[in-house]
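# Results of the structural survey
Chain by chain, the residues:
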Amino acid sequence: MKTRLFLLGLLSVLVSTTILAQKHQVDANATTVKWTGTKVIGSSHYGYIQLKEGHLNINKKQITDGQFIIDMTSMTNTDLENEEYNKKLIGHLHSDDFFSVKAYPTAQLKITDASKFKGNKATVKGELTIKGQTQPIEFEVEQKENAYMASIVVDRTLYGIRYGSGSFFDNLGDKAISNDFTLDVKLVLQ
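Quick look at the structure, then. (Residues numbered from 1 in each chain as written. Predicted model: local features only at pLDDT ≥ 70, side-chain atom pairs only at ≥ 80, totals over all residues. Heavy atoms only, no water.)

Here we come to the packing of aromatic side chains. Under the defined criterion, the tally for this structure stands at three aromatic pairs. Both rings, one in phenylalanine 99 and one in phenylalanine 181, keep their centres 5.9 Å apart while their planes meet at 90°; by these two values the pair is edge-to-face. Of the two residues, phenylalanine 99 sits in the loop between helix 2 (83-94) and strand 5 (106-114) while phenylalanine 181 sits in strand 9 (residues 177-188), which places them 82 residues apart along the sequence. When its relative accessible area of 10% is taken as the criterion, phenylalanine 99 is described as buried. Its relative accessible area of 12% is what places phenylalanine 181 among the buried residues. Among the aromatic residues, ring-to-ring pairing joins Phe98, Phe99 and Phe181 into one connected group. The aromatic ring of tyrosine 46 is capped on one face by lysine 34, whose charged end is 4.6 Å from the ring centroid. (Phe/Tyr/Trp six-rings, centres within 6.5 Å; stacked < 30°, edge-to-face > 60°. Helix = DSSP H or I, 4+ residues; strand = E, 2+ residues; numbered from the N terminus. Buried < 20%, exposed > 50% of the residue type's maximum accessible area, 1.4 Å probe, protein only. Lys NZ or Arg CZ within 6 Å of the ring centre and 35° of its normal.)

Right, dumping it as structure tokens:
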């Protein structure tokens, strides 16, 4: 009997939380995800990745959770004008040295918790999955109308991406690549 009451209570909490939270689909065409990777000496490359799909659940103007699928096959570079070098860089980023795009064509961000907004800003916690490996992540998000902006710093070595990392290889000199890369996101809701 106690088990039934507990299960009924748990079910009612889950149902009421689901009813109160509003699910907002993301406008994938209006959303932008800019990636930036840098060498230790300071030079950088950047481009864009397309969001495939996603949603945010919001309850009383607070993010409760969400999920986003990133299309890794859509990765572009916008700083290299030389077509040959541009194609070579994207090919290398798609390879097993970096994101193994053939084996892992998508990445995923799952939001698990967020603070209340203060001055249009909130702290978001979640789980980022790249190359089949999931790690906790935390970042600040800023809301402006139906858009949410964030600059997310990702330590690529946590996902098995060690190519050119001074943390794992010696004598890289000016070929050393920073462990962190940045995703500047402007998430637009429908």
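Attention now moves to the environment of glycine 164. Of note, glycine 164 is situated in the loop between strand 8 (147-155) and strand 9. Sequence separation of glycine 164 and lysine 39 is 125 residues, and the distance between their C-alpha atoms is 9.0 Å.

As a further point, take the nonpolar core. Among the nonpolar cores identified, the biggest contains 42 residues, and Leu56, Ile63, Phe99, Ile130, Tyr148, Val154 and Leu183 are the most heavily contacted of them. Here this core gets five residues from one element, more than from any other, and that element is strand 9. In contact with leucine 56, other than residues within four places in its own chain, are Gln22, Lys23, His24, Ile63, Asp65, Gly66, Phe68, Ile111, Tyr148, Leu187 and Leu189. (Core = buried A, V, L, I, M, F, W, Y, C linked by side-chain atoms within 4.5 Å. Contact = heavy atoms within 4.5 Å.)

So, about the pairing of strand 7 (residues 133-144). Alignment of strand 6 (residues 121-130) against strand 7, held across 10 bridges, turns out to be antiparallel. If you follow lysine 125 over to strand 7, its bridge partner there is glutamate 138. Following strand 6, the chain reverses through two residues before pairing antiparallel with strand 7; lysine 131 in that reversal takes a positive phi of roughly 55°. As defined by bridge partners, strand 7 adjoins strand 8 across four bridges and the pair is classed as antiparallel. (Pairing = 2+ DSSP bridges.)

This next bit is on the environment of aspartate 97. Residue placement: aspartate 97 occurs in the loop between helix 2 and strand 5. Each C-alpha atom, one on aspartate 97 and one on tyrosine 163, is 5.7 Å from the other, the two residues being 66 residues apart in sequence.

What follows concerns helix 2. Between the first and last C-alpha of helix 2 there are 16 Å, a value that for 12 residues agrees with the 16 Å anticipated at 1.5 Å per step. The complete set of buried residues in helix 2 reads Asn86, Leu89, Ile90 and Leu93. Buried residues of helix 2, seen end-on, are gathered within an arc of 95° and therefore sit on one face of the element. Exposed side of helix 2, more than 90 degrees from the buried face: Glu84, Lys87 and Lys88 are the residues found there. Lining the buried residues of helix 2 we find strand 2 (32-39) and strand 3 (44-59). In this structure asparagine 82 caps helix 2, since a side-chain oxygen of it lies 2.9 Å from the backbone nitrogen of glutamate 84. (Expected span 1.5 Å × (residues − 1). Arc of directions from axis to C-beta. Polar contact = N/O pair within 3.5 Å; in protein donor to acceptor, adjacent residues only side chain to side chain.)

A few words on the side chain of asparagine 86. Position of asparagine 86 relative to the elements: it lies in helix 2. The contacts of asparagine 86, once residues within four sequence positions are left out, are Asn77 and Leu80.

To continue, consider unusual backbone geometry. Residues apart from glycine generally show negative phi values, whereas peptide bonds are mostly found in trans. Despite not being glycine, lysine 131 has its phi angle at roughly 55°, a positive value. Relative to the elements of secondary structure, lysine 131 occurs in the loop between strand 6 and strand 7. Look at glutamate 145: it is not a glycine, yet its phi comes out positive at around 55°. Counting through the fold element by element, glutamate 145 comes out in the loop between strand 7 and strand 8.

Mapped onto the fold, glutamine 133 is located in strand 7. For glutamine 133, a relative accessible area of 34% corresponds to the partly exposed category. Expressed as a C-alpha distance, the spacing of glutamine 133 and glycine 160, which sit 27 residues apart in the sequence, is 8.1 Å. Residue contacts for glutamine 133: discarding those within four places in its chain leaves Leu128, Leu158, Tyr159 and Gly160.

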